[in-house]
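Summary of structural features
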Amino acid sequence: MLRTFLCVYRCGGVAKAAGLLGLSQPAVSRHLKALEGTMGRTLFDRLGRGVAPTQAGILLAAQIAAHLDALEGAIDSLASPSATAPVLLGAPSDLLSVHVLPKLTPLLARGVDVHCRIGLSPELAQALLHDELDLVVVTKIEQAPTKQLHLRHLCEEEFVLVGRAGEAPYAAKNDTRRFIGYSPAMPMARRYFRTCWGIQPPAPALTVADLRTVVAAVAAGTGLSVVPRYLAQEALDAGRLSLLHTPVTPVSNSIYLATRRGREHLPQIRTAFELLCQTA
């Protein structure tokens with residue numbers, strides 16, 4: 001019951017918790033009702049979408065979370081006692097190649113095998129919570145479920161608004177040029193536009209789930225985009241891209257290495273954190 005309660009507390013909904021725990025929604029609701037009956041207190045307020053913890057629920061989570069996480073970590077440690085057990089790592093392709101792969105050599109040298117999976121942060125975070133992955137690279141802009149994750153800072157990325165060489169500077173109020181994004185939600189452009197102008201970005205005319213392809217499409221004149229500087233810098237230096245706006249303060253985003261909370265003490269995961277984050 002306590003594990004069910006903590007999962008509901010961390011993900012904010014019965015349906016989400018049921019999926020993570022491999023239980024039916026009625027079973028999760030029964031666990032909560034039984035726990036509330038035992039305690040004689042209401043632990044959650046039922047909302048239209050999801051639940052919100054009461055003060056009693058917040059206090060209970062604070063009292064039990066560390067203990068349950070430690071117990072799960074102990075069980076995992078017994079199941080995987082060796083620091084040489086394989087690590088299953090997920091990341092977006094650009095972050096994997098630029099910020100992760102260059103740091104894997106010492107990890108492999110220690111005898112730790114690493115198997116990588118490419119994807120976007122939201123789907124990778126869900127795979128992590130379902131124990132399909134051991135580590136994932138996630139971004140703050142993707143609204144990762146941080147209550148369920150142990151996070152370590154990996155790097156910072158700066159966002160830049162770019163167009164092909166020779167494009168005119170971008171005018172937020174009346175510019176009608178089309179945009180390219182790596183997803184329909186346009187999280188990078190959304191962060192950039194909100195920070196610089198307090199508005200939403202235009203809807204993308206083209207989406208490609210690979211930022212290198214986005215940069216190539218911009219250089220070909222397909223549209224404008226907001227991308228990480230580290231992916232655009234080579235094309236900027238070569239004169240294939242132009243910066244179309246320079247904010248007063250650079251717009252940046254934090255990148256994290258994450259594991260499911262309670263598993264950060266596993267030998268192979270702890271080793272991966274130490275080596276991948278030591279130069280962050």
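Rules used throughout
- Residues numbered from 1 in each chain as written.
- Predicted model: local features only at pLDDT ≥ 70, side-chain atom pairs only at ≥ 80, totals over all residues.
- Heavy atoms only, no water.
- Helix = DSSP H or I, 4+ residues; strand = E, 2+ residues; numbered from the N terminus.
- Areas by Shrake-Rupley, 256 points an atom, 1.4 Å probe, with all protein chains shown as cover.
- Lys, Arg positive; Asp, Glu negative; His and termini not counted.
- Charge placed at Lys NZ, Arg CZ, Asp CG, Glu CD.
- 1 Å grid on protein atoms, 1.4 Å probe; cavity = no way out; pocket = protein on both sides within 12 Å on 5 of 7 lines; lining within 4 Å.
- Points joined across faces, edges and corners; volume = space filled by probe spheres on them.
- Nonpolar A, V, L, I, M, F, W, Y, C, P; charged D, E, K, R; others polar.
- Polar contact = N/O pair within 3.5 Å; in protein donor to acceptor, adjacent residues only side chain to side chain.
- Contact = heavy atoms within 4.5 Å.
- Buried < 20%, exposed > 50% of the residue type's maximum accessible area, 1.4 Å probe, protein only.
- Salt bridge = Lys/Arg side-chain N within 4 Å of Asp/Glu carboxyl O.
- Phe/Tyr/Trp six-rings, centres within 6.5 Å; stacked < 30°, edge-to-face > 60°.
- Core = buried A, V, L, I, M, F, W, Y, C linked by side-chain atoms within 4.5 Å.
- Pairing = 2+ DSSP bridges.

**Digging into the overall build of the chain**
Scanning the chain from N- to C-terminus turns up eleven helices and eleven strands. Counting only C-alpha atoms, the chain reaches 70 × 50 × 30 Å along its principal axes. Put simply, the chain shows about 13700 Å² of open surface, and 54% of that area lies on carbon and sulfur atoms. Separation of charge centres in the chain, based on 28 positive and 22 negative side chains, amounts to 6 Å.

**Topic: the layout of surface pockets**
Here the largest pocket defines a volume of roughly 310 Å³. Around the largest pocket, the lining comprises 15 residues; the ones closest to its centre are Arg3, Cys7, Leu21, Glu72 and Arg260. Among the secondary structure elements, those contributing two or more residues to the lining of the largest pocket are α1 (2-11), α2 (14-21) and α4 (55-79). Ranked by residues supplied to the lining of the largest pocket, first place goes to α1 with four residues. Of the residues that constitute the lining of the largest pocket, the class distribution is six nonpolar, two polar and seven charged.

**Quick word on the side chain of Asp175**
Here Asp175 is to be found in the loop between β6 (149-164) and β7 (179-181). For Asp175, the side chain forms a polar contact with the side chain of Arg177, separated by 2.6 Å. Excluding anything up to four places from it in sequence, Asp175 contacts Pro169 and Tyr170.

**Focus: helix α11 (residues 267-277)**
Of all eleven residues in α11, nine are buried, a share of seventy percent or more. Every buried residue belonging to α11 is among Pro267, Gln268, Ile269, Thr271, Ala272, Phe273, Leu275, Leu276 and Cys277, and all of these are buried. Against β3 (87-91), α5 (93-100), α6 (105-109), β5 (135-139), β6 and β11 (251-260) lie the buried residues of α11.

**Points about the pattern of salt bridges**
Considering all chains together, one arrives at eight salt bridges under this definition. Residue Arg117 is joined to Glu132 by a salt bridge in which the shortest nitrogen-to-oxygen separation is 3.4 Å. Taken together, the positions of Arg117 in strand β4 (residues 114-118) and Glu132 in the loop between α7 (121-129) and β5 put the pair 15 residues apart, joining distant regions of the chain. Residue classification places Arg117 among the partly exposed residues on the basis of a relative accessible area of 34%.

**Some thoughts on the packing of aromatic side chains**
According to the stated counting rule, one finds eight aromatic pairs in the structure shown. Between Phe5 and Phe44 the ring centres are 5.4 Å apart and the planes differ by 45°, which places this aromatic pair in the tilted class. Here the residue Phe5 occupies a position in helix α1, and Phe44 occupies one in strand β1 (residues 44-46), the gap between them amounting to 39 residues. Assigned by exposure class, Phe5 and Phe44 land together as buried. An aromatic cluster is built from Tyr170, Phe179, Tyr192, Phe193 and Trp197, whose rings are joined through pairwise contacts.

**As for the nonpolar core**
By size, the foremost hydrophobic cluster in this structure holds 33 residues, and its most contacted members are Phe5, Val8, Leu32, Leu43, Phe44 and Val136. Of all the secondary structure elements, the ones that give two or more residues to this core are α1, α2, α3 (25-39), α4, α7 and β5. Not counting residues up to four positions away in its chain, the partners in contact with Val136 are Gly90, Leu124, Leu128, Tyr256, Leu257 and Ala258. Judged by nonpolar contacts, the second largest core, of 28 residues, contains Tyr182, Met186, Ala232 and Leu236.

**Things to note about the pairing of β6**
Bridge analysis of β6 against β11 gives ten bridges, and the strand direction is antiparallel. Among the inter-strand pairings, Phe159 is bridged to a residue of β11, identified as Val251. Two strands pair when backbone bridges link them, and β6 and strand β9 (residues 225-228) are joined in this way by four bridges, in the antiparallel orientation. Within the sheet, the bridge partner assigned to Phe159 lies in β9 and is Pro228.

**Let's talk about empty space enclosed by the protein**
Taking a probe equal in size to a water molecule and rolling it over the atoms shows the remaining empty space. Enumeration over the complete set of coordinates arrives at one cavity of 30 Å³ or more. Empty space within the largest cavity amounts to approximately 60 Å³. Surrounding the largest cavity, Ile180, Gly181, Tyr182, Met186, Pro187, Met188, Ala189, Leu211, Ser225 and Val226 form its lining. Elements with a minimum of two residues in the lining of the largest cavity: β7, α8 (187-197) and β9. It is α8 that provides the largest number of residues to the lining of the largest cavity, a total of three residues. The residue makeup of the lining of the largest cavity, split by class, is eight nonpolar, two polar and no charged.

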